[in-house]
Number of protein chains: 2
Amino acid sequence: MGEFDLIKRFFTRPTTRAALGVGDDCALLVPQPGMQLAISSDMLVEGRHFFPDVNPRTLGHKALAVNLSDLAACGARPLAFTLALALPAADEAWLAPFSQGLLAMADTHGCELIGGDTTRGPLNICITVFGEVAPGQALLRSGACAGDDIYVSGNLGEARLALEHRLGHLRLDDATLTRCAARMDSPNPRIALGLALRGIATSAADISDGLLGDLGHILERSGTGATLNTALAGELMPNAPASLVSTLSFVLSGGDDYELVFTASPGSRAAVEDAAQKSGTAVARIGVIDAAPGLRLRDAGGALVPNTYTSFDHFAP
Amino acid sequence: MGEFDLIKRFFTRPTTRAALGVGDDCALLVPQPGMQLAISSDMLVEGRHFFPDVNPRTLGHKALAVNLSDLAACGARPLAFTLALALPAADEAWLAPFSQGLLAMADTHGCELIGGDTTRGPLNICITVFGEVAPGQALLRSGACAGDDIYVSGNLGEARLALEHRLGHLRLDDATLTRCAARMDSPNPRIALGLALRGIATSAADISDGLLGDLGHILERSGTGATLNTALAGELMPNAPASLVSTLSFVLSGGDDYELVFTASPGSRAAVEDAAQKSGTAVARIGVIDAAPGLRLRDAGGALVPNTYTSFDHFAP
């Protein structure tokens, strides 16, 4: 199977929204009049973002899901994506399930594959995703204001639990492992929540490197600080194994969560609740934006908790 | 140097056309009203597309140039690009010249860096490029008609000559090597020619895998065949070393040329000449589109020449 057969067999489908899809020098996309195009690119590398023995179907799902998660954080509606793929070999037994997982996720969110590239090389998946958002409606990292509430969607920390199990650093029972592995392998981007939060959230980011790190981006871009309530660790990780020493570290620094962290003014609490209901996504209020820079942790009684937690950095020493 | 310092130091500049650049979950691009967005993605892998000892500055140049070449083939005007980068380490001595070469090429074509991703991994550069083109103006691979002339811009084969020298398969003198290495390392995308050919060319593709392969894409998408005049090998490779056994094989199957192959009706010869002059790009008329499928080679006397040439395929056995 050559390069062009491979593209035809596994990655070419008729397009419905793009003016031109796979098979020419460029794809042609026609945004609706007046809409902005939200664009994000993520690269997944074997050994960094997934294990060599990962199920190719779930890998296809995840590769697109982590990109869609960026659109969700922007409040953008998915339109299309390109796929650039370096493969050690043109292995049909790998390509068939990979493309199935990828295209099923694409169908779920109405996001069509319009082009890309394939080459031989160490396994590397680079997806660039395109969404639409009306001018002024995009959720940015830069809009948080002192006094805003801080929210997180869903649960945090379970993907990291699965990772630590896989690395042999802790031991999960079978039921917990199954649940946590699904979080690690098959994240579901919070597209519906992102869309519902337009006009309500003052800022948003998706949580890929851990809550602290991604909230940190909001604080930096907004020129603010924050105080988080550590008592909420239990709410964000309700099914933590009893043996876990620090639920808080998994909640704050887990990574690979693909939930949204966002802010909204206290006057918008009912609207946030409504957006959560409308999108079928649980959200928890976990803290408040401060004018003073820095991130503080306080327990239920209001006492400061030392913040010794970090977020993921691909080039940290 | 961590991941986010790296992005700030080497890859963050103010944007002038994008509504939002590097630093949020998504970039925001605002196409001009009524324009289509031409999108292309190319992935460059160490050992496949460049040697491990490549000059990082020329690699930065080339990584964007090969993407811009796809916009040129579409007749699209460059707007912006994303960069996803897997690096073995955050090496400033590599990153500084790489980003300089990349951003110099970006400035040459008014194409701004609006986002991307960085991760640790085997060196891999994935760029997705965005250009603008008016509806119906994009040059497609599918528009060639029987009777159309076939043209190629510039010269072909010299990048492949440099590659063969580097691989030790042949030996170039110093002056020839310098010229050919520049073609391999620092291709210049034919943006001006692509723009000038809108409304004139009936089809176009850029030549990355060799003339035969890329013209083959036009023939396949257009449902046509072609006859090429092999006597034109001398014109397309005017400075071929006298020792070279088959200039023709380098012209037809060289690869890495980043010239344009395009078609236009015989009635447009003056317009093609004018577009070539306006864009400062030499073009040569090398053959004709046939209704009968397949690609035929004929010598200056009109006799059929056996076609034993192939094009590059990353997954060919």
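Scope of this entry: the structure provided in the associated data block. Because the structure is a prediction, the values reported are computed rather than measured. (Residues numbered from 1 in each chain as written. Chains lettered and ligands numbered in written order. Predicted model: local features only at pLDDT ≥ 70, side-chain atom pairs only at ≥ 80, totals over all residues. Heavy atoms only, no water.)

Some remarks on the relation of the copies chain A and chain B
Formally: The superposition of copies rests on a least-squares fit of C-alpha positions from residues with pLDDT of 70 or more in both.
In the superposition of chain A on chain B (RMSD 0.0 Å, axial shift 0.0 Å), the rotation amounts to 180°. Considering both components of the superposition, the chain copies are consistent with a two-fold axis.

Notes on the interface of chain A and chain B
The test is simple: Residues are treated as being in contact if the distance between any of their heavy atoms lies within 4.5 Å. The quantity reported as buried area is the accessible area (1.4 Å probe) lost by two parts once they are put together, taken as the sum for both. Basic side-chain nitrogens of Lys or Arg form a salt bridge, by our definition, when they fall within 4 Å of a carboxyl oxygen of Asp or Glu. As used in this structure description, the phrase polar contact means that two N or O atoms lie within 3.5 Å; if the pair is within protein, one of them must be able to donate a hydrogen and the other to accept it, and residues adjacent in sequence are counted only when both atoms belong to side chains. Throughout, the ten residues Ala, Val, Leu, Ile, Met, Phe, Trp, Tyr, Cys and Pro are labelled nonpolar, Asp, Glu, Lys and Arg are labelled charged, and all others, Gly among them, are labelled polar. When DSSP finds two or more bridges between a pair of strands, those strands are recorded as paired. By the criteria applied, helices consist of DSSP H or I runs no shorter than four residues and strands consist of E runs no shorter than two, each listed in order from the N terminus.
Every contact between the two is made by 71 residues of chain A and, on the other side, 71 residues of chain B. Here chain A meets chain B over a buried area of about 5400 Å², counting both sides, of which 57% is carbon and sulfur. Viewed at the interface, chain B and chain A are joined by six salt bridges. Among the ionic pairs, Asp25 of chain A bridges to Arg141 of chain B, the shortest N-O distance being 3.3 Å. At the surface where chain A touches chain B, the tally comes to 17 residue pairs in polar contact (both at pLDDT 80 or more). In the side of chain A that touches chain B, the residues fall into 40 nonpolar, 16 polar and 15 charged. Pairing of strand β1 (residues 27–29) of chain A with strand β2 (residues 36–45) of chain B, which is carried by three bridges, proceeds in the antiparallel orientation. Note that in β2 of chain B the partner of Ala27 of chain A across the bridge is Ile39 of chain B.

So, the sheet that holds strand β7 (residues 203–207) of chain B
Adjacent strands of a sheet form backbone hydrogen bonds with each other and so pair up, either parallel or antiparallel. Residue and element names in this part refer to chain B. For the record, the criterion: Working convention: axes come from line fits to C-alpha atoms, limited for helices to the stretch in contact. Angles between N-to-C directions cover 0 to 180 degrees.
With respect to topology, seven strands assemble into an open sheet ordered β7-β9-β6-β10-β8-β11-β12, the strand pairing being mixed. Pairing within the sheet leaves two strands with one partner each, and these edge strands are β7 and β12 (304–305). In the sheet, β7 pairs with strand β9 (residues 259–264) via five bridges, with the strands oriented antiparallel. Bridging across to β9, Ala204 finds its partner in Phe262. In the packing of helix α2 (residues 56–74) onto the sheet, contacts are made with β7 and β9, and the angle to β7 comes to roughly 165°.

Digging into the sheet that holds strand β3 (residues 77–87) of chain A
Spatial strand order, β4(A)-β3(A)-β5(A)-β2(A)-β1(B): five strands in an open sheet with mixed pairing. Either end of the sheet is taken by a strand with one partner, and the two such strands are β4 (112–120) of chain A together with β1 (27–29) of chain B. The mean angle between the axes of side-by-side strands here comes to 20°, regardless of whether they run parallel or antiparallel. Here strand β2 (residues 36–45) of chain A runs beside strand β5 (residues 124–133) of chain A; their pairing, made up of ten bridges, is antiparallel. Note that in β5 of chain A the partner of Met43 of chain A across the bridge is Cys126 of chain A. Running at roughly 35° to β5 of chain A, helix α2 (residues 56–74) of chain A makes contact with β2, β3 and β5 of chain A of the sheet. Strands β3, β4 and β5 of chain A of the sheet are contacted by helix α3 (residues 92–108) of chain A, whose axis makes an angle of about 165° with β3 of chain A.

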